[in-house]
Amino acid sequence: MSSHISNRADQATYASHTVDATKTLQTWYNRNTGLWDTTGWWNSANCLTMLADFAIIDPAASDSLNIPEIIQNTYDQAQKTTVQATKVLSPAGLPVSSYVRVSKRSELDKRGFDNFLNDYYDDEGWWALAMIHSYDVGVRGIGDQQYLQAAVDIFEDMKKGASTCGGIYWSKVTPYTNAIANELYLSVAASLANRIPSRKDYFLDTAKTQWNWFKNSGMINGDNLINDGLTDDCKNNGMQTWTYNQGVILGGLVELSTATGDRSLLTQAQTIASAAITKLSKDGILFEGCEPNCGSDGSQFKGIFMRNLHYLQKAAPMDAIKNFLLNNADTIWAKNRNDQNQLGGAWLGPFSNATAGTQSSAMDVLVAAAAVA
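So, here's what we can say about the structure. (Residues numbered from 1 in each chain as written. Predicted model: local features only at pLDDT ≥ 70, side-chain atom pairs only at ≥ 80, totals over all residues. Heavy atoms only, no water.)

What follows is about the overall build of the chain. When you go through the chain residue by residue, the secondary structure sums to 13 helices and 6 strands. Relative to the globule expectation of 21 Å for 373 residues, the C-alpha radius of gyration of the chain, 19 Å, shows essentially globular dimensions. Viewed in the frame of its principal axes, the chain has a C-alpha envelope of about 50 × 50 × 40 Å. Here the analysis covers contacts within the chain between residues at least 6 apart in sequence; of these, 68% occur between residues at least 24 apart. Total accessible area computed for the chain in this model is approximately 13,900 Å², and 48% of it derives from carbon and sulfur atoms. In the chain, which carries 29 positive and 37 negative side-chain charges, the distance between the mean positions of the two groups comes to 2 Å. (Helix = DSSP H or I, 4+ residues; strand = E, 2+ residues; numbered from the N terminus. Rg over C-alpha atoms; globule rule 2.2 N^0.38 Å. Contact = heavy atoms within 4.5 Å. Areas by Shrake-Rupley, 256 points an atom, 1.4 Å probe, with all protein chains shown as cover. Lys, Arg positive; Asp, Glu negative; His and termini not counted. Charge placed at Lys NZ, Arg CZ, Asp CG, Glu CD.)

Written out as structure tokens, the structure is:
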């Protein structure tokens, strides 16, 4: 079955599709918790990041959808919601997260952002990036420095997770050095370096050290894809090359290139991106190895790759990347959508089931298309 769509949409159409999909996404939004029902804690951070990115691309549409207010409500409410997290790796290496929400405290005595922290450094990194992108909306006249300070506080907690292999551990309870937590740490550090001039050197030192370690860690394999992590003796563990592991590094390298002026970092990012597009696609559409049973965690992965591919395309345009983003956006809308504008996890279709996680993941592609078309 060919995925190719004969009529490619334009920028305004992709933005219109994103508006329609946002209205559907918000049917899962729980104003009391500031989180999206049907998906997990870290997934909600990704929902927020995606909405913030759209707000920057299309401020008028953002205002009509009340995205600035959604950002503020999530900032206010999510950190008051105590979430107990447990994560395990399935036999196939797929992370499986379980979250139990404990009754929200009536008030916070001190805004310490303690509730954006838990036992998993990757969860923390997702929320740090969500706060950074919320700040990016804020500098256009919405919100203030509170989002950026939240990200700084999360960064400082991540910094405590030093691994014996280098970089940081995945969690505070499991001594596993994996790709995603370390890519997030790099991206958060470089992003903060670009947004806090008075402390640029402090954050940039961490970002440069992190990248120098990561590129020599062995996690980038001979196919230029990134495996899940390292063994106890600090060797590539040969586990799955999840799409999000190929994605977060792209955004991190874009931020690091911006901070340093070193455009060779963008070339390295393009090498990883091109390998992922070639090796992790079916008929030109991004495909996750766990499909169709990716669970709550795996269902988020592809959108994260496409979001970061969008950042790379804006920084260093390539026709192949642009076409890949647009082809995926067109295919999702044509083949992976029901009459309620719900978007499922199998982008090639047919539509089966949607959650806030599959919805926001597919929407990352629509936002990317609106940005690069």
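The discussion continues.
The relative placement of two packed helices comes down to the angle between their axes together with the axis-to-axis distance. Here helix H7 (residues 179-195) crosses helix H9 (residues 243-260) at 25°, and the two axes come no closer than 8 Å. When the axes of H7 and H9 are compared, the pair comes out roughly parallel. For the pair H7 and H9, the sense of crossing is left-handed. On the side of H7, the interface is formed by Ala179, Ile180, Glu183, Leu184, Leu186, Ser187, Ala190, Ser191, Ala193, Asn194 and Arg195, while H9 contributes Tyr244, Asn245, Val248, Ile249, Gly251, Gly252, Glu255, Leu256, Thr258 and Ala259. Residue composition of the contact of H7 with H9, by class: 11 nonpolar, 7 polar and 3 charged. (Axes fitted to C-alpha atoms, helices over the stretch in contact; angles between N-to-C directions. Parallel < 35°, antiparallel > 145°, perpendicular 65-115°, else oblique. Left-handed = near helix turned anticlockwise from the far one by under 90°. Nonpolar A, V, L, I, M, F, W, Y, C, P; charged D, E, K, R; others polar.)

This next bit is on the packing of aromatic side chains. For the coordinates displayed, the defined rule picks out 19 aromatic pairs. Pairing Phe116 with Trp127 gives two aromatic rings, centres 5.0 Å apart and planes at 35°, and the pair type is tilted. In this pair, Phe116 sits in the loop between strand S4 (95-102) and helix H5 (121-138) while Trp127 sits in helix H5, placing the two residues 11 residues apart along the sequence. According to the relative accessible area criterion, Phe116 is buried, its value standing at 1%. (Phe/Tyr/Trp six-rings, centres within 6.5 Å; stacked < 30°, edge-to-face > 60°. Buried < 20%, exposed > 50% of the residue type's maximum accessible area, 1.4 Å probe, protein only.)

Following the sequence through the fold, Glu69 ends up in helix H4 (residues 67-78). Only 2.7 Å separates the side chain of Glu69 from the side chain of Arg31, close enough to count as a polar contact. (Polar contact = N/O pair within 3.5 Å; in protein donor to acceptor, adjacent residues only side chain to side chain.)

Here we come to the side chain of Asp53. With respect to the element layout, Asp53 can be found in helix H2 (residues 41-57). Buried and without a salt bridge, Asp53 has Arg307 as its closest oppositely charged side chain, separated by 4.5 Å. When sequence neighbours within four positions are dropped, the list of residues in contact with Asp53 reads His133, Arg307, Tyr311 and Val367. (Salt bridge = Lys/Arg side-chain N within 4 Å of Asp/Glu carboxyl O.)

Now for H5. If you check H5, its first and last C-alpha atoms are 25 Å apart, about what 18 residues at 1.5 Å a residue would give, namely 26 Å. Across the 18 residues that make up H5, a large majority, 18, are buried. (Expected span 1.5 Å × (residues − 1).)

Another aspect to go through is the side chain of Asn237. Mapped onto the fold, Asn237 is located in the loop between helix H8 (200-215) and H9. A distance of 2.9 Å separates the side chain of Asn237 from the side chain of Tyr176, its partner in a polar contact. If we skip the residues at most four places from it in the chain, Asn237 touches Tyr176, Asn227, Asp228, Gly229, Leu230 and Thr231.

In this structure, Trp36, Trp127, Leu192 and Leu309 are the most contacted members of the largest nonpolar core, which totals 122 residues. Residues within four places of Leu192 in sequence aside, it is in contact with Ile132, Leu148, Ala151, Val152, Phe155 and Phe203. (Core = buried A, V, L, I, M, F, W, Y, C linked by side-chain atoms within 4.5 Å.)

Within this structure, the stated rule accounts for 1 cavity of 30 Å³ or more. Of the voids in this model, the largest cavity is the one considered here, and its volume is about 50 Å³. Trp42, Lys87, Pro95, Asp122, Trp126, Ile180, Tyr244, Asp297 and Phe301 together form the lining of the largest cavity. Elements with a minimum of two residues in the lining of the largest cavity: H5 and helix H11 (295-315). The residue makeup of the lining of the largest cavity, split by class, is 6 nonpolar, no polar and 3 charged. (1 Å grid on protein atoms, 1.4 Å probe; cavity = no way out; pocket = protein on both sides within 12 Å on 5 of 7 lines; lining within 4 Å. Points joined across faces, edges and corners; volume = space filled by probe spheres on them.)

A word on the environment of Asp58. Of note, Asp58 is situated in the loop between H2 and helix H3 (59-65). A residue is classified by how much of its surface remains accessible, and Asp58, at 21% relative accessible area, is partly exposed. Along the primary structure Asp58 and Val19 are separated by 39 residues, whereas in three dimensions their C-alpha atoms are 10.0 Å apart.

The term disulfide refers to a covalent linkage connecting the sulfur atoms of a pair of cysteines. Counted by the stated rule, this structure contains 2 disulfides. Through a disulfide, Cys165 is tied to Cys234; the S-S separation comes to 2.0 Å. Between Cys165 and Cys234 the sulfur-sulfur dihedral comes to about -85°; the bridge is accordingly left-handed. One end of the pair, Cys165, is in the loop between helix H6 (146-158) and H7; the other, Cys234, is in the loop between H8 and H9, and 69 residues separate them in sequence. We classify Cys165 as buried; its relative accessible area is 17%. (Disulfide = S-S within 2.5 Å.)

Further remarks concern the pattern of salt bridges. As enumerated under the stated definition, the model contains 9 salt bridges in all. Note that Glu156 is salt-bridged to Arg199, the shortest N-O span being 3.9 Å. With Glu156 in helix H6 and Arg199 in the loop between H7 and H8, this pair connects stretches of sequence that are 43 residues apart. Here Glu156 falls in the partly exposed class, since its relative accessible area comes to 25%. Using a relative accessible area of 33% as the deciding quantity, one classes Arg199 as partly exposed.

The subject of this paragraph is the layout of surface pockets. Here the largest pocket is characterised by a volume of approximately 300 Å³. Considering the residues around the largest pocket, the lining is formed by 19 residues, among which Pro292, Cys294, Ser299, Gly345 and Thr358 are closest to the centre. The set of elements that each furnish at least two residues to the lining of the largest pocket consists of H11 and helix H13 (356-372). Ranked by residue count, the leading element in the lining of the largest pocket is H11, at 5 residues.

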